[in-house]
Amino acid sequence: MSFSKKVVVVTGASAGIGQCIAISYAMEKARVVIADIDEKGGQKTLKTIVAAGGSGIFARCDVREPADIESLFGLVVKEYGRVDILINNAGVSRWCSPYDLKVEEWDDIINTNLRSVFLCSREAARIMKEGIGGSIVNIASTRALMSEPGTEAYAATKGGILALTHAMAVSLSEDNIQVNCISPGWIETGDYKRLRDVDHKQHLSGRVGKPVDIARACLYLTAPGNDFVNGENIVIDGGMTRKMIYHH
Ligand code: NAP
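Below, the structure is looked at part by part. (Residues numbered from 1 in each chain as written. Predicted model: local features only at pLDDT ≥ 70, side-chain atom pairs only at ≥ 80, totals over all residues. Heavy atoms only, no water.)

In this section: the nonpolar core. With 36 residues, the main nonpolar core has Val9, Val33, Leu72, Phe73, Val76 and Leu86 as its most contacted residues. At the level of secondary structure, the elements contributing two or more residues to this core comprise strand 1 (7-11), strand 2 (31-36), strand 3 (55-60), helix 3 (66-80), helix 4 (103-128), helix 5 (152-172) and strand 6 (177-184). Counting residues per element, this core draws most heavily on helix 4, at nine residues. Every residue in contact with valine 9, bar those within four places of it in the chain, is listed here: Val33, Leu72, Phe73, Val76, Val83, Ile85, Leu86 and Ile87. Judged by nonpolar contacts, the second largest core, of 30 residues, contains Ala30, Val32, Leu46 and Ile187. (Core = buried A, V, L, I, M, F, W, Y, C linked by side-chain atoms within 4.5 Å. Buried < 20%, exposed > 50% of the residue type's maximum accessible area, 1.4 Å probe, protein only. Helix = DSSP H or I, 4+ residues; strand = E, 2+ residues; numbered from the N terminus. Contact = heavy atoms within 4.5 Å.)

Rendered as structure tokens:
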């Protein structure tokens, strides 16, 4: 895999999975754009990257705001003149009973998790098509496929991302832009050591997921030459959505 000199934009890269994805690309010699609402966390991610010999920039961007998204890609063009890879990772998870969820809360989750994926992809594609094309990876969730109570808004955004992925893969194929999607299961972004045995054992893989499990899949999907996977959703969940649960 060679990402040398590639320009990679990762949204929501100040923390959690996005941070790990950004660092992973930087360690593969890509130039990384950390796009996030959290400036402090973003500067910390950038410091980690630079200390390890990588390079990149931080760009403050609230992905709910179309103007912020336009400014983000304007900055990327000014800085690097190109975009090769976009990882649409920024997202919020908020649970609420469908009886209590306010319309403003619904709209906020939709705009953060779903509308942003469309707007960022469109801006990135406009730049990619002027060059040699590119690759987009959207981070959805296994909650696009299965549910717990009170997750309507979040599940709708993630299901929407799956549909948006194949729609955009078709529309952008003539511009040599690949669009794929990853659906993570439980990925622990907090203190992994505090997880219980039962947390690990309920997975077929015998463990809870880590951000690097998702970062590796991003590298695979966007590696030069891996362009025969297209419009696809890859579930990375330790087998949880393959497990049939009956209470005997
Ligand atoms: P996280 O730790 O909360 O990190 C998300 C990052 O996105 C944070 O830096 C957050 O900033 C930022 N962000 C939130 N709203 C934003 C906005 N409007 N504009 C720009 N940045 C914004 O989340 P994560 O667990 O790493 O999840 C990353 C992605 O994976 C999400 O799309 C999530 O739905 C998906 N996912 C996660 C899991 C899991 O188990 N962790 C499972 C399935 C799917 P603040 O901290 O300031 O809000």
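A full pass over the atoms with the stated rule returns one cavity of 30 Å³ or more. In terms of lining residues, the largest cavity is bounded by Arg94, Trp95, Cys96, Leu101, Gly150, Thr151, Glu152, Ala153 and Tyr154. Residues that form the lining of the largest cavity fall into these classes: five nonpolar, two polar and two charged. (1 Å grid on protein atoms, 1.4 Å probe; cavity = no way out; pocket = protein on both sides within 12 Å on 5 of 7 lines; lining within 4 Å. Points joined across faces, edges and corners; volume = space filled by probe spheres on them. Nonpolar A, V, L, I, M, F, W, Y, C, P; charged D, E, K, R; others polar.)

So, on to the site of the ligand. Taken together, 27 residues form the shell around the ligand, and within it Ile17, Asp36, Asn89, Tyr154 and Ile187 come nearest. A distance of 2.8 Å separates an oxygen atom of the ligand from a polar backbone atom of isoleucine 17. At a separation of 3.4 Å, a nitrogen atom of the ligand approaches a polar backbone atom of isoleucine 37. Within the complex, 79% of the 890 Å² of free accessible area of the ligand lies under protein. When atoms are counted within 2 Å of each cavity's grid points, the one that captures over half of the ligand is the largest pocket. Where the shell around the ligand is concerned, the elements lending two or more residues are helix 1 (16-27) and helix 5. Grouping the amino acids of the shell around the ligand by side-chain chemistry returns 13 nonpolar, nine polar and five charged. (Near = heavy atom within 4 Å. Polar contact = N/O pair within 3.5 Å; in protein donor to acceptor, adjacent residues only side chain to side chain. Areas by Shrake-Rupley, 256 points an atom, 1.4 Å probe, with all protein chains shown as cover. Sits in = over half its atoms within 2 Å of the grid points.)

The strands that make up a sheet are held in pairs by hydrogen bonds between backbone atoms, and each pair lies either parallel or antiparallel. Read from one edge of the open sheet, seven strands run 3-2-1-4-5-6-7, paired in parallel fashion. Edge strands, defined here as strands with exactly one partner in the open sheet, are strand 3 and strand 7 (233-236). Neighbour-to-neighbour, the strand axes of this sheet turn through a mean angle of 15 degrees, independent of strand direction. Pairing analysis gives six bridges linking strand 2 to strand 3, with the strands arranged parallel. Bridging from a neighbouring strand, aspartate 36 pairs with arginine 60 of strand 3. Across the sheet, helix 3 touches strand 1, strand 2, strand 3 and strand 4 (85-88), and the angle it forms with strand 3 is around 155 degrees. In this fold helix 4 packs onto strand 1, strand 4, strand 5 (134-139) and strand 6, with an angle of close to 180 degrees to the strand it touches most, strand 4. (Pairing = 2+ DSSP bridges. Axes fitted to C-alpha atoms, helices over the stretch in contact; angles between N-to-C directions.)

Next up on the list: unusual backbone geometry. Despite not being glycine, lysine 29 shows a phi value in the positive range, around 75 degrees. Overall, lysine 29 belongs to the exposed group, its relative accessible area being 61%. Here asparagine 176, not a glycine, exhibits a phi torsion of approximately 60 degrees, which is positive. Inspection of the secondary structure puts asparagine 176 in the loop between helix 5 and strand 6.

Formally, a disulfide is one covalent bond, and it connects the sulfur atom of one cysteine to the sulfur atom of another. The final tally for this structure, using the stated rule, is zero disulfides. Between cysteine 181, a free cysteine, and cysteine 218, which holds the nearest cysteine sulfur, the sulfur-to-sulfur gap is 10 Å. (Disulfide = S-S within 2.5 Å.)

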